[in-house]
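Results of the structural survey
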There are 8 protein chains.
Amino acid sequence: MRNSEKSKIVESEKVREVLSMRAVILMGSKVDLNFCREIADKLKIFGIESDLRIASAHKTPEHVLEILKSYEDEEVVFVTVAGRSNALSGFVDANTTKPVIASPPIGDKWIDLFSSIRMPSGVAPMLVLEAENVALAVAKIFAIREERIRNAVKEYQKRKKDEILKSDKEVG
Amino acid sequence: MRNSEKSKIVESEKVREVLSMRAVILMGSKVDLNFCREIADKLKIFGIESDLRIASAHKTPEHVLEILKSYEDEEVVFVTVAGRSNALSGFVDANTTKPVIASPPIGDKWIDLFSSIRMPSGVAPMLVLEAENVALAVAKIFAIREERIRNAVKEYQKRKKDEILKSDKEVG
Amino acid sequence: MRNSEKSKIVESEKVREVLSMRAVILMGSKVDLNFCREIADKLKIFGIESDLRIASAHKTPEHVLEILKSYEDEEVVFVTVAGRSNALSGFVDANTTKPVIASPPIGDKWIDLFSSIRMPSGVAPMLVLEAENVALAVAKIFAIREERIRNAVKEYQKRKKDEILKSDKEVG
Amino acid sequence: MRNSEKSKIVESEKVREVLSMRAVILMGSKVDLNFCREIADKLKIFGIESDLRIASAHKTPEHVLEILKSYEDEEVVFVTVAGRSNALSGFVDANTTKPVIASPPIGDKWIDLFSSIRMPSGVAPMLVLEAENVALAVAKIFAIREERIRNAVKEYQKRKKDEILKSDKEVG
Amino acid sequence: MRNSEKSKIVESEKVREVLSMRAVILMGSKVDLNFCREIADKLKIFGIESDLRIASAHKTPEHVLEILKSYEDEEVVFVTVAGRSNALSGFVDANTTKPVIASPPIGDKWIDLFSSIRMPSGVAPMLVLEAENVALAVAKIFAIREERIRNAVKEYQKRKKDEILKSDKEVG
Amino acid sequence: MRNSEKSKIVESEKVREVLSMRAVILMGSKVDLNFCREIADKLKIFGIESDLRIASAHKTPEHVLEILKSYEDEEVVFVTVAGRSNALSGFVDANTTKPVIASPPIGDKWIDLFSSIRMPSGVAPMLVLEAENVALAVAKIFAIREERIRNAVKEYQKRKKDEILKSDKEVG
Amino acid sequence: MRNSEKSKIVESEKVREVLSMRAVILMGSKVDLNFCREIADKLKIFGIESDLRIASAHKTPEHVLEILKSYEDEEVVFVTVAGRSNALSGFVDANTTKPVIASPPIGDKWIDLFSSIRMPSGVAPMLVLEAENVALAVAKIFAIREERIRNAVKEYQKRKKDEILKSDKEVG
Amino acid sequence: MRNSEKSKIVESEKVREVLSMRAVILMGSKVDLNFCREIADKLKIFGIESDLRIASAHKTPEHVLEILKSYEDEEVVFVTVAGRSNALSGFVDANTTKPVIASPPIGDKWIDLFSSIRMPSGVAPMLVLEAENVALAVAKIFAIREERIRNAVKEYQKRKKDEILKSDKEVG
């Protein structure tokens with residue numbers, strides 16, 4: 001967690017928990033900032049805050065390791081966003097005990113997909129494509145033990161079902 | 001959770017938690033039983049128990065829904081294993097608040113991969129290939145709040161690093 | 001068949017048959033409505049009526065099952081339209097005795113094709129791409145026993161041949 | 001229908017119908033004979049007879065056209081089996097009013113798949129892979145109006161479901 | 001050769017030869033007319049005339065066979081142009097003793113390529129992409145024995161070389 | 001033509017023509033010798049002789065150019081056989097007026113195919129896969145003007161048709 | 001080296017070295033001139049001069065060989081730029097002792113990639129995509145022994161790292 | 001350079017240079033040891049020594065950085081060997097001024113290729129496949145200034161040419 005954020009934390013246990021249970025959206029370059037902001041927006045559907053961070057597994061590996069270390073005592077899920085040859089997701093996953101969701105912004109470049117999933121033994125980032133689905137996956141991880149988020153997931157899933165049922169009535 | 005298992009549960013809170021925090025490995029047909037047993041074995045590295053279940057999203061969808069319902073109050077992560085066109089992973093994910101890890105046993109059939117990742121909005125299974133990495137991903141999800149598992153992940157990652165450092169010394 | 005439609009049916013046997021022998025175009029989301037309407041339009045070439053329905057194998061599986069049940073006594077062919085990972089076609093096929101034609105709107109996304117054809121044993125949707133060809137395939141199924149439709153197919157095929165013969169004369 | 005077969009037909013209407021409602025499995029060369037015999041075997045599950053025929057769209061097109069003509073008054077579904085560049089399926093489909101199921105024996109040669117599905121307007125063979133699923137698709141087409149076959153499909157689908165439910169009990 | 005053309009032929013042997021040594025550009029539908037006209041234009045570089053014909057191997061196979069028969073006594077090379085699943089090239093090749101150059105207008109649709117080259121034994125269309133290269137390949141076939149065309153090929157190849165040598169001087 | 005061969009030529013015009021009208025099978029390395037010998041064997045079906053030559057466009061380009069020059073006054077068709085990145089076919093085609101048939105021995109390595117067909121403007125080798133089809137394509141080129149070879153092609157095509165018609169009778 | 005350039009060389013040893021240590025950017029046609037100029041511009045970041053040359057391995061192989069010969073006594077790295085089937089890179093590499101970097105301008109045409117990397121034994125161009133990375137690779141080769149260029153690489157790498165660290169601060 | 005090796009270095013300048021100009025073959029795990037030893041063997045053809053090192057960009061990044069640092073004052077070329085998602089090559093390249101040749105042991109797994117070449121700006125490993133060609137590429141880099149190695153490359157290339165010329169004589 002960043003110092004600037006730590007200063008905002010009130011000392012009640014409740015607040016600490018809410019701030020701790022967050023996503024860290026780590027991108028390899030600022031080129032992917034818009035996509036990462038979209039993930040952060042979608043996480044708000046489930047009441048989950050997030051940090052946006054930029055660091056490159058290729059070019060600033062020590063900085064990535066520092067970032068990982070700074071979150072080791074927090075309850076976080078990492079979301080890694082890197083285009084082209086995605087070294088970031090595996091690099092992050094191998095150097096943290098936290099869950100890592102890889103979400104490469106591949107668009108139609110399917111050939112780039114394989115750098116995100118052909119991991120060696122002991123490296124296990126979890127692939128999810130597109131911002132809203134990434135947010136949902138993060139929410140489900142926290143929802144295991146957190147009733148507030150579990151309810152948000154339930155409501156979200158219900159809305160999705162209702163939309164389809166409503167469409168079916170309209171088209172008939 | 002299955003009835004046969006419920007009868008085994010002693011009433012202490014401690015035991016309940018340990019049994020509850022488990023993986024449910026759900027396969028589409030018994031063809032994939034060996035691969036699923038390998039996942040279960042690898043989960044033991046991290047001290048995580050698992051249930052093996054067989055149900056088809058295509059052929060026995062109501063049975064899948066019943067299974068999902070029976071685990072809704074447990075602290076579980078689903079691992080879905082289905083070859084060819086993988087309807088199971090998305091189907092499970094859309095009908096539970098629990099995290100779902102899709103691990104299709106695709107081998108060299110990369111063309112089957114896309115059925116596991118091209119999900120519609122609101123459906124977010126997380127792809128991880130190969131048994132040991134699936135087990136590691138499940139462990140990391142539970143490790144967020146469970147110190148026992150977090151330590152198991154740490155030790156596992158340390159062993160992996162040490163193996164490489166040792167190899168480098170031997171080859172020099 | 002929908003209640004709203006049932007009310008319109010006059011009690012003569014002739015009318016019943018004509019209404020019964022229809023296509024049910026089932027799409028996974030309203031995103032594909034235009035493509036489905038195009039199929040319905042093309043079916044009119046062969047004098048075949050159709051119902052448009054929206055339901056998701058992932059998100060509203062029970063609703064899909066209800067729809068299938070409501071048509072079980074009708075003489076229908078299902079046309080399933082779902083983009084990305086197509087769970088709908090196999091799901092529908094496994095839960096009805098009716099023929100199912102899968103027509104995923106894949107455009108240039110060939111990687112999505114395989115989710116429509118790599119079916120497990122006992123699940124057999126039939127793949128046809130593009131609206132006009134889907135309509136022709138439906139018509140040929142009904143044409144086996146229905147002379148009216150068989151004649152429509154014959155005329156259609158003759159028109160297609162004549163167009164080519166005419167083109168050849170013009171270009172020479 | 002072949003002369004040798006016609007002589008076997010007893011004059012009762014019942015027998016005529018049973019013989020008429022059949023599959024014609026047409027292969028491009030005798031290389032695929034084993035695969036076609038497997039389809040014929042699987043059709044027997046549903047009580048459906050079949051003819052095996054060999055003709056090439058490339059090399060003996062007139063012979064293909066003669067075969068198609070000889071079945072035009074029968075209640076048949078064509079199953080076309082041709083490897084490599086599959087001209088046969090589209091050729092057959094364009095020259096008959098009967099439904100055509102294309103089942104290229106592609107194995108792992110996915111690059112051959114596209115010759116079976118990238119059809120021009122007015123040519124609509126329906127793709128189904130693997131012998132058992134081809135047989136099921138044929139059965140469902142006849143099942144629309146034929147109660148005997150519809151019941152066979154129902155029983156087949158029930159057996160498939162029961163197998164999975166049984167597997168789930170055994171693995172638990 | 002078409003009747004309309006035959007009437008134009010003066011009876012001298014010289015003219016007969018020139019008209020006979022021609023390309024027949026056969027397309028599956030008039031959609032590809034512009035591409036075929038471009039081939040005809042490029043053939044003029046080498047002093048080779050061409051006929052444009054439209055016929056479909058799928059929909060008008062007898063018409064294709066008639067066209068092939070009408071050219072059997074001419075000195076022609078066939079150029080077959082058909083998009084999507086290219087049945088035309090193999091169909092033409094198997095039914096004529098003349099050389100056949102397949103030139104599918106695939107653009108970026110590489111998946112369509114394989115229907116043009118995965119031929120069964122005894123069917124051997126020769127693949128060349130793009131109009132100018134098709135014209136050059138036709139010219140080289142006639143150039144084996146025809147000095148006039150051989151010289152045209154030589155001059156064409158020399159121009160191509162000179163263009164590159166000139167570019168190198170300009171860029172230096 | 002090689003000196004050793006020239007010495008064998010009797011001085012009659014007839015013999016000269018027969019020897020001149022030959023295929024030159026040029027391979028990039030001796031690794032492909034067996035495949036090239038198979039082409040030579042299949043050419044004998046059509047009464048066509050062939051020379052086997054080894055030269056590399058990458059490593060011995062001057063030697064390739066010498067070989068091309070030595071055949072410039074003969075009536076030959078070149079068959080180029082080179083695996084991996086096929087520079088040979090385009091190199092040969094750009095430096096001779098003779099027709100060039102590229103037949104890369106790609107087996108299942110489809111990724112190697114594109115080096116044989118993505119030619120720049122002014123370079124037009126013609127792709128044909130597999131030895132027997134290469135031989136047929138060469139024969140058809142010579143058959144345009146050579147009755148002896150045209151008849152051999154006709155007989156060959158007839159045998160192919162008869163085989164299929166015979167198979168159909170046997171399987172019925 | 002070109003005559004026009006040789007005349008510019010002052011006779012001091014220092015200048016000779018600087019001019020000698022250069023890149024020769026050799027393109028197959030002037031179509032790729034803009035891309036090659038971009039490489040030349042990026043090389044200036046590292047203080048490296050370059051020559052632009054145009055020659056085709058297919059159409060002007062002797063000219064390519066002359067160019068290679070003229071640089072054999074210089075300290076140069078070749079950069080080869082050829083689209084479609086890239087014969088140039090392997091051709092250049094096999095005929096010079098200098099290092100060759102292949103940089104095909106493939107854009108999204110991944111199928112063209114394989115012609116640049118599937119080299120026979122003894123042919124070893126090194127693939128690098130995109131202009132700036134090509135320039136960096138050339139610079140690193142010269143940097144082994146040239147301190148001036150090594151420092152330029154160090155500064156360049158530092159700027160890249162600083163950009164990322166700065167981005168991370170801004171986004172936080 | 002390793003301590004164990006430093007102790008062996010005699011103090012003459014000549015020996016220092018020979019030892020310094022070496023390849024460092026860095027593999028991601030000992031699984032690839034045989035392939036790396038083959039590269040080392042092939043380097044001996046050109047009189048080039050090599051070090052074998054094992055380190056993982058994912059699991060032991062600090063160890064990779066230490067290795068890179070230890071060679072920063074040597075005249076070395078790095079050869080990086082990592083299967084699956086190749087993070088190692090880009091990681092090494094971004095953290096050294098030395099040239100890096102990426103040689104992933106992909107075999108037929110072409111989908112793994114893209115992780116080795118889709119590099120971000122400022123990261124430029126050079127791809128060469130197969131051991132002998134990697135050795136040749138390393139040799140050519142050193143050959144720019146080192147006459148001994150340049151001569152070894154010349155002799156090697158001459159042997160390759162002679163082999164082909166000899167084959168051509170034998171096959172004729």
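All values reported here derive from a predicted model rather than from experimental measurement. (Residues numbered from 1 in each chain as written. Chains lettered and ligands numbered in written order. Predicted model: local features only at pLDDT ≥ 70, side-chain atom pairs only at ≥ 80, totals over all residues. Heavy atoms only, no water.)

1. Re the overall build of chain A
Quick note on the threshold: Strands are runs of DSSP state E lasting at least 2 residues, helices are runs of H or I lasting at least 4, and numbering of each runs from the N terminus. Partly exposed residues are those whose accessible area sits between 20% and 50% of the maximum for their type, while under 20% is buried and over 50% is exposed, using a 1.4 Å probe and protein chains only. We call two residues in contact whenever any of their non-hydrogen atoms come within 4.5 Å of each other.
Assigned secondary structure in chain A consists of eight helices and five strands. Among the 172 residues that make up chain A, the fraction classed as buried is 66%. Long-range contacts, defined as pairs at least 24 residues apart, comprise 67% of the intrachain contacts of chain A with a sequence gap of at least 6.

2. Considerations on the relation of the copies chain B and chain A
Relating the two copies of this chain is a rotation about some axis coupled with a shift parallel to it. As a reminder, the rule being used: To line up the copies, we fit them by least squares on C-alpha atoms, keeping just the residues with pLDDT of at least 70 in both.
It takes a turn of 180° to lay chain B on chain A, together with a shift of 0.0 Å along the axis; the resulting RMSD is 0.0 Å. Put plainly, the chains are arranged around a two-fold axis. In this assembly the copies share their binding face: 100% of the residues contributing to the interface of chain B also contribute to that of chain A.

3. Regarding the pattern of salt bridges
Formally: Throughout this description, the term salt bridge denotes a Lys or Arg side-chain nitrogen within 4 Å of a carboxyl oxygen of Asp or Glu.
Evaluated as defined, the whole model comprises 104 salt bridges over all chains. Between Lys 109 of chain B and Asp 108 of chain D there is a salt bridge whose closest N-O contact spans 3.3 Å. In this pair, Lys 109 of chain B sits in the loop between strand 4 (100-102) and helix 6 (114-117) while Asp 108 of chain D sits in the loop between strand 4 (100-102) and helix 6 (114-117), so the two residues belong to two different chains. On the basis of relative accessible area, Asp 108 of chain D is assigned to the exposed category, the value being 55%.

4. Let's talk about the relation of the copies chain H and chain F
By a simple turn and slide, chain H fits onto chain F: the slide is 0.0 Å along the axis, the RMSD is 0.0 Å, and the turn is 90°. Here the symmetry operator amounts to a four-fold rotation axis. The rotation axis passes nearest to the C-alpha of Asp 108 of chain H in chain H, at a distance of 7.0 Å.

5. Examining the interface of chain B and chain A
Operational definition: Put simply, buried area is how much 1.4 Å-probe accessible surface two parts lose in total, over both of them, once they are put together. Contacts described as polar in this section are N or O atom pairs within 3.5 Å, which, within protein, must combine one atom able to donate a hydrogen with one able to accept it, while residues neighboring in sequence count only if both atoms come from side chains.
Facing the 48 residues of chain B at the interface are 49 residues of chain A. Contact between chain B and chain A buries roughly 3,700 Å² in total, counting both sides, with carbon and sulfur atoms accounting for 58%. For chain B, the biggest contributors to the area lost against chain A are Thr 97, Ile 144 and Arg 145 of chain B; these three give 19% of the whole. Here chain B and chain A share six salt bridges between them. Residue Glu 75 of chain A is joined to Arg 145 of chain B by a salt bridge in which the shortest nitrogen-to-oxygen separation is 2.7 Å. Taken together, the connections running from chain B to chain A amount to 27 residue pairs in polar contact (both at pLDDT 80 or more). Of all the secondary-structure elements, those providing two or more residues to the side of chain B that touches chain A are strand 3 (76-81), helix 5 (88-94), strand 4, helix 6, strand 5 (126-127), helix 7 (131-143) and helix 8 (147-171) of chain B. At eight residues, the largest contribution of residues to the side of chain B that touches chain A is made by helix 7 of chain B.

6. Looking at a negative patch on the surface
Rules: A residue counts toward a patch only above 30% relative accessible area and without a salt bridge, and it is joined to like-charged neighbours within 9 Å or, for Val, Leu, Ile, Met, Phe, Trp and Tyr, to nonpolar neighbours within 5 Å. In these tables, accessible area is a Shrake-Rupley quantity obtained with a 1.4 Å probe, and a residue counts as shielded only by the protein chains included in the view. Asp and Glu are treated as the negative residues and Lys and Arg as the positive ones, with His and the ends of the chain left uncounted. Think of each charge as sitting on NZ of Lys, CZ of Arg, CG of Asp or CD of Glu.
A surface patch of negative charge is lined by Glu 62 and Glu 66 of chain A together with Glu 62 and Glu 66 of chain H. Those elements giving two or more residues to the negative patch turn out to be helix 4 (61-70) of chain A together with helix 4 (61-70) of chain H. Counting through the fold element by element, Glu 66 of chain A comes out in helix 4.

7. Details of the interface of chain H and chain F
Counting residues at the interface gives twelve residues for chain H, matched by 17 residues for chain F. Both sides together, the interface formed by chain H and chain F hides about 1,200 Å², and carbon and sulfur atoms give 59% of it. By the criterion of area lost to chain F, the three top residues of chain H are Ile 164, Asp 168 and Val 171 of chain H, representing 46% of everything that side buries. In this assembly, chain H and chain F are joined by three salt bridges. Here Glu 130 of chain H ties to Arg 84 of chain F by a salt bridge, and the two come within 2.8 Å at their closest N and O atoms. At the junction of chain H with chain F, the criterion picks out six residue pairs in polar contact (both at pLDDT 80 or more).

8. Topic: helix 3 (residues 33-44) of chain B
All names here are of chain B. So the rule is basically this: Multiplying one less than the number of residues by 1.5 Å gives the expected span of a helix. Think of it as the arc spanned by the lines of direction from the helix axis to the C-beta atoms.
Between its first and last C-alpha atoms helix 3 spans 17 Å; for twelve residues at 1.5 Å apiece the expected length is 16 Å, and the two agree. Of the residues making up helix 3, those classed as buried are Leu 33, Phe 35, Cys 36, Ile 39, Ala 40 and Leu 43. Each buried residue of helix 3 sits inside an arc of 165° when the element is viewed along its axis, so together they form one side. Of the exposed residues in helix 3, the ones pointing more than 90 degrees away from its buried face are Asn 34 and Lys 44.

9. With respect to the side chain of Thr 97 of chain G
By secondary structure assignment, the location of Thr 97 of chain G is in the loop between helix 5 (88-94) and strand 4 (100-102). Of the polar contacts made by the side chain of Thr 97 of chain G, one reaches the side chain of Glu 72 of chain G; its length is 2.6 Å. Sequence-distant contacts of Thr 97 of chain G, defined by excluding residues within four places in its chain, comprise Glu 72 of chain G together with Lys 140, Ala 143, Arg 150, Val 153, Lys 154 and Gln 157 of chain H.

10. Points about the environment of Val 77 of chain A
With respect to the helices, strands and loops of the structure, Val 77 of chain A is situated in strand 3 (residues 76-81). Along the primary structure Val 77 of chain A and Ile 101 of chain A are separated by 24 residues, whereas in three dimensions their C-alpha atoms are 7.6 Å apart. Those residues in contact with Val 77 of chain A that lie beyond four places of it in its chain are Arg 22, Ala 23, Val 24, Pro 99, Ile 101, Val 138, Ile 141 and Phe 142 of chain A together with Ile 144 of chain B.

11. Let's talk about the pairing of strand 3 (residues 76-81) of chain C
Residues and elements named next belong to chain C. Here is the rule: Two strands are said to pair when DSSP picks up at least two bridges between them. With the strands pointing away from the viewer, any crossover whose connection runs clockwise from the first strand over the helix to the second is right-handed.
Across the six residues of strand 3, six count as buried, placing the element largely inside the fold. Judged by which residues are buried, strand 3 turns out to be covered on both faces: Val 76, Phe 78 and Thr 80 on one side and Val 77, Val 79 and Val 81 on the other are all buried. Looking at chain direction, strand 1 (residues 22-27) and strand 3 are connected through six bridges and run parallel. Along strand 3, the bridge assignment pairs Ala 23 with Val 77. Where strand 3 lies against strand 4 (residues 100-102), three bridges are found, and the strand directions are parallel. Looking at the pairing, Val 79 lines up with Ile 101 of strand 4. As for the winding sense of the linkage, the β-α-β connection from strand 3 through helix 5 (residues 88-94) to strand 4 is right-handed.

12. Examining unusual backbone geometry
Located in the positive-phi region is Glu 130 of chain B, a residue other than glycine, with phi close to 75°. Owing to a relative accessible area of 36%, Glu 130 of chain B belongs among the partly exposed residues under this scheme. One non-glycine residue, Arg 84 of chain F, lies in the positive phi region at around 50°. Relative to the assigned elements, Arg 84 of chain F resides in the loop between strand 3 (76-81) and helix 5 (88-94).

13. Notes on the confidence of the model for chain A
Residue and element names in this part refer to chain A. Defined as follows: Predictor confidence is given residue by residue as pLDDT, running from a minimum of 0 to a maximum of 100.
When the pLDDT values of chain A are averaged, the result is 92; 89% of them are 70 or greater. Within the model, the stretch residues 6-11 combines pLDDT values under 50 with four contacts to residues more than four positions away or in other chains. Both scores are available for the predicted complex, with the pTM at 0.93 and the ipTM at 0.92.

14. Quick look at the packing of helix 3 (residues 33-44) of chain D against helix 7 (residues 131-143) of chain D
All names here are of chain D. Stated precisely, the cut-off is as follows: Angles here are taken between N-to-C directions and fall from 0 to 180 degrees, while the axes themselves are lines fitted to C-alpha atoms, restricted in helices to the stretch in contact. The scheme is simple: roughly parallel for angles under 35 degrees, roughly antiparallel for over 145, roughly perpendicular for 65 to 115, oblique for anything else. Handedness of each helix crossing follows the sense of rotation of the near helix against the far helix: counterclockwise by less than a right angle gives left-handed, clockwise gives right-handed.
For the pair helix 3 and helix 7, the least separation of the axes is 8 Å and the interaxial angle reads 50°. Taken together, the axis directions place helix 3 and helix 7 in an arrangement best described as oblique. The two elements helix 3 and helix 7 meet at a crossing, and its hand is right-handed. Each of Phe 35, Glu 38, Ile 39, Lys 42 and Leu 43 in helix 3 lies in contact with helix 7, whose residues at this interface are Ala 131, Glu 132, Val 134, Ala 135 and Val 138.

15. Observations concerning the side chain of Asn 95 of chain B
Relative to the helices and strands, Asn 95 of chain B resides in the loop between helix 5 and strand 4. Taking the relative accessible area as the measure of exposure, Asn 95 of chain B reaches 15% and is therefore buried. A distance of 2.7 Å separates the side chain of Asn 95 of chain B from the backbone oxygen of Phe 91 of chain B, its partner in a polar contact. Discounting residues that sit within four places of it in the chain, Asn 95 of chain B has contacts with Lys 161 of chain A, Leu 65 and Leu 68 of chain B together with His 58, Lys 59 and Pro 61 of chain C.

16. Digging into the packing of helix 7 (residues 131-143) of chain G against helix 8 (residues 147-171) of chain G
Residue and element names in this part refer to chain G. Our working definition: Charged residues are taken to be Asp, Glu, Lys and Arg, nonpolar residues to be Ala, Val, Leu, Ile, Met, Phe, Trp, Tyr, Cys and Pro, and polar residues to be all remaining types, Gly included.
At a closest axis distance of 8 Å, the pairing of helix 7 and helix 8 adopts a crossing angle of 140°. Taken together, the axis directions place helix 7 and helix 8 in an arrangement best described as oblique. As for how helix 7 packs across helix 8, the hand of that crossing is left-handed. Here Glu 132, Leu 136, Ala 139, Lys 140, Phe 142 and Ala 143 of helix 7 lie close against helix 8, whose contacting residues are Ile 149, Arg 150, Val 153, Tyr 156, Gln 157 and Lys 160. Grouping the amino acids of the contact of helix 7 with helix 8 by side-chain chemistry returns seven nonpolar, one polar and four charged.

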